[in-house]
Amino acid sequence: MLGLAADRLRADMNRLLSFLFHQGILDEQFLQLQQLQDETSPNFVSEVVNIYFHESEKLLRNLRSLLMDREFSDYNKMGIHLNQFMGSSSSIGAKRIRNVCLAFRAASDQNNRAGCLSALEVLEHEYCFLKNKLHELFQIQQQRVLAAGVRYPMQH
Amino acid sequence: MARNGGVAWMRTTEKIDGYDLSTSDTEEVHVLAVDDSLVDRKVIERLLRISSCKVTAVDSGRRALQYLGLDEEIQKKETNGFDPFFYCDFQGLKVDLIITDYCMPGMTGYELLKKVKESSAFREIPVVIMSSENVIARIDRCLEEGAEDFIVKPVKLSDVKRIIDYTTTELREGELREGARAKRRGINKRKQREGDDDLSSSPPSTLSSSTSSSPSSSIQSATAPSSPSTLDSPTRRLKMTSSE
């Protein structure tokens, strides 16, 4: 029975990862991060991703408050936040988010405020989606660890 | 942290009787990583540790200079009579390689590169630049200023392994040269003491000329290529410049 649970969890995880790669939400940089995780650093991916979430939410809030300001004109300042967000998204393999950032930057380069606002909306939506999916992924991985522990209690 | 001060000063002393007092005596390469992004710092730290390096990660060019002991503020204080040992808290182990982001607030990676290369104490340390922008002009500018290599982000394990490989090779060659020089000094001392004619067969001049034409300097002397080709990584161009 327990063996079945572990297999099912692994299948769930692979299905989710497949989906994320297929849809272009994640790219091979995410795989690179997974390769850096091992017994000496067993939570590396979730640690980096949680830092990413924390920073991203700050940056998204900054971008929104800049753009919502009726007297907004500081595209340079917005560009700095945007570049930071783009950089860290690329570093964790968040391909789709990075691509939306590119479109956002193009609108910003043209001082196109309406374009920036709609790009920001897409960005917020994509970010929410990614965060949910990655949380799901980490939950499955945690369950796998627990399932393995129950199955092989001696190994602890 | 005071003990670090002692260690930092030791690295500038000469070898005594051939006994190496340098702190980076171990196999591990010590890398100073500079990046303002916490996400990127975590990733580069992990990439370097997995490649068997010691890592010190800082979040700005200014802190990198402080760590090296090159910070102008500290130097100004030294000339005004401040005790430099007090500031040795910032200094640590000998750095074998600096890897820095290009785009940082305050001091850019390019400015950090220039400061390192302008310093007599640290200009030999290879500096690698990382950037998310694959801009040829930027790459060329960094290489011309003496950067060892240029990595386009996101950084992968293969990038880091390649850099550590040739840094390790450079360090080993450096140690071999040092070993040869120390031997030579030893031979000369014995000659002076014993006046032994047998040892005159290996005169110091031959050894010094062979070590000065070492091939390891060729990486530094690579000039910017004229035309960008369709390669996976801009850093490959470094290896190809000898044909141009």
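Residues numbered from 1 in each chain as written. Chains lettered and ligands numbered in written order. Predicted model: local features only at pLDDT ≥ 70, side-chain atom pairs only at ≥ 80, totals over all residues. Heavy atoms only, no water.

1. As for the overall build of chain A
Selection criterion: Put simply, DSSP marks the helices as runs of H or I at least four residues long and the strands as runs of E at least two long, and each gets a number from the N terminus on. The globule rule used for comparison is 2.2 Å times the number of residues to the exponent 0.38, while the radius of gyration itself is calculated over C-alpha atoms. Accessibility here uses a 1.4 Å probe with only protein chains present; expressed as a share of the type maximum, an area under 20% marks a residue as buried, one over 50% as exposed, and anything in between as partly exposed. In what follows, a contact means two residues having at least one pair of non-hydrogen atoms within 4.5 Å. Methods summary: accessible areas were calculated by the Shrake-Rupley approach with a probe of 1.4 Å, and residue burial reflects only the protein chains presented. Residues scored as charged are limited to Lys and Arg (positive) and Asp and Glu (negative), so that His and the chain ends carry no count. To locate a charge, take atom NZ for lysine, CZ for arginine, CG for aspartate or CD for glutamate.
Helix and strand content of chain A: six helices and zero strands. Seen in sequence order, chain A has helices and strands lined up from the N terminus as α-α-α-α-α-α. Here chain A has a C-alpha radius of gyration of 19 Å; the compact-globule value for 156 residues is 15 Å, and the former is much larger. Along the longest, intermediate and shortest principal axes, the C-alpha atoms of chain A span 65 × 25 × 25 Å. Within chain A, buried positions represent 44% of all 156 residues. Counted over contacts in chain A with a minimum sequence separation of 6, partners at least 24 positions apart contribute 67%. Roughly 8900 Å² of accessible area belongs to chain A as shown, and the carbon and sulfur atoms make up 52% of that amount. In chain A, the 17 positive side-chain charges and the 17 negative ones have mean positions that sit 4 Å from each other.

2. Examining the packing of aromatic side chains
All names here are of chain A. Stated precisely, the cut-off is as follows: Classification of ring pairs uses Phe, Tyr and Trp, with its six-membered ring standing for Trp, and accepts pairs whose centres are within 6.5 Å; under 30 degrees between planes counts as stacked, over 60 as edge-to-face, and the remaining range as tilted.
Counted by the stated rule, this structure contains four aromatic pairs over all chains. Between Y52 and F53 the ring centres are 6.1 Å apart and the planes differ by 45°, which places this aromatic pair in the tilted class. For the pair Y52 and F53, one class covers both residues: buried. Judged by centre distance (6.0 Å) and plane angle (85°), the ring pair of F53 and Y127 falls under edge-to-face. Of this pair, F53 sits in helix α3 (residues 44-68) while Y127 sits in helix α6 (residues 113-151), and the two are 74 residues apart along the sequence. Looking at F53, the relative accessible area reads 4%, which means it is buried.

3. Digging into the pairing of strand β4 (residues 127-131) of chain B
All names here are of chain B. Put simply, the rule reads: Strands pair, by our definition, only if DSSP identifies at least two bridges between them. Classification remark: right-handed applies to a crossover when, strands pointing away from the viewer, the course from the first strand over the helix to the second runs clockwise.
β4 sits mainly inside the fold: five of its five residues count as buried. Taking every second residue as pointing to the same face, both faces of β4 are buried, with V127, I129 and S131 on one and V128 and M130 on the other. As paired elements, strand β3 (residues 97-101) and β4 share four bridges and run parallel to each other. Paired with D101 across the bridge in β4 is M130. In this region the chain leaves β3, passes through helix α5 (residues 109-118) and returns to the parallel neighbour β4; the handedness of that crossover is right-handed. Of the strand pairs in this sheet, β4 and strand β5 (residues 149-152) are connected by four bridges, and their pairing is parallel. Considered in β5, the bridge of M130 is made with I151. Handedness of the β-α-β unit built from β4, helix α6 (residues 136-144) and β5 comes out right-handed.

4. Notes on the UniProt feature "modified residue: 4-aspartylphosphate" (unreviewed entry) in chain B
Residues and elements named next belong to chain B. Basically, it comes down to this: UniProt positions are given in the numbering used here, feature names are shortened, and annotations may be inferred rather than shown by experiment.
The UniProt feature table records "modified residue: 4-aspartylphosphate" (unreviewed entry) at D101. Relative to the helices and strands, D101 resides in strand β3. Excluding residues that lie within four positions of it along the chain, D101 makes contacts with V34, D35, D36, G109, M130, S131 and K153.

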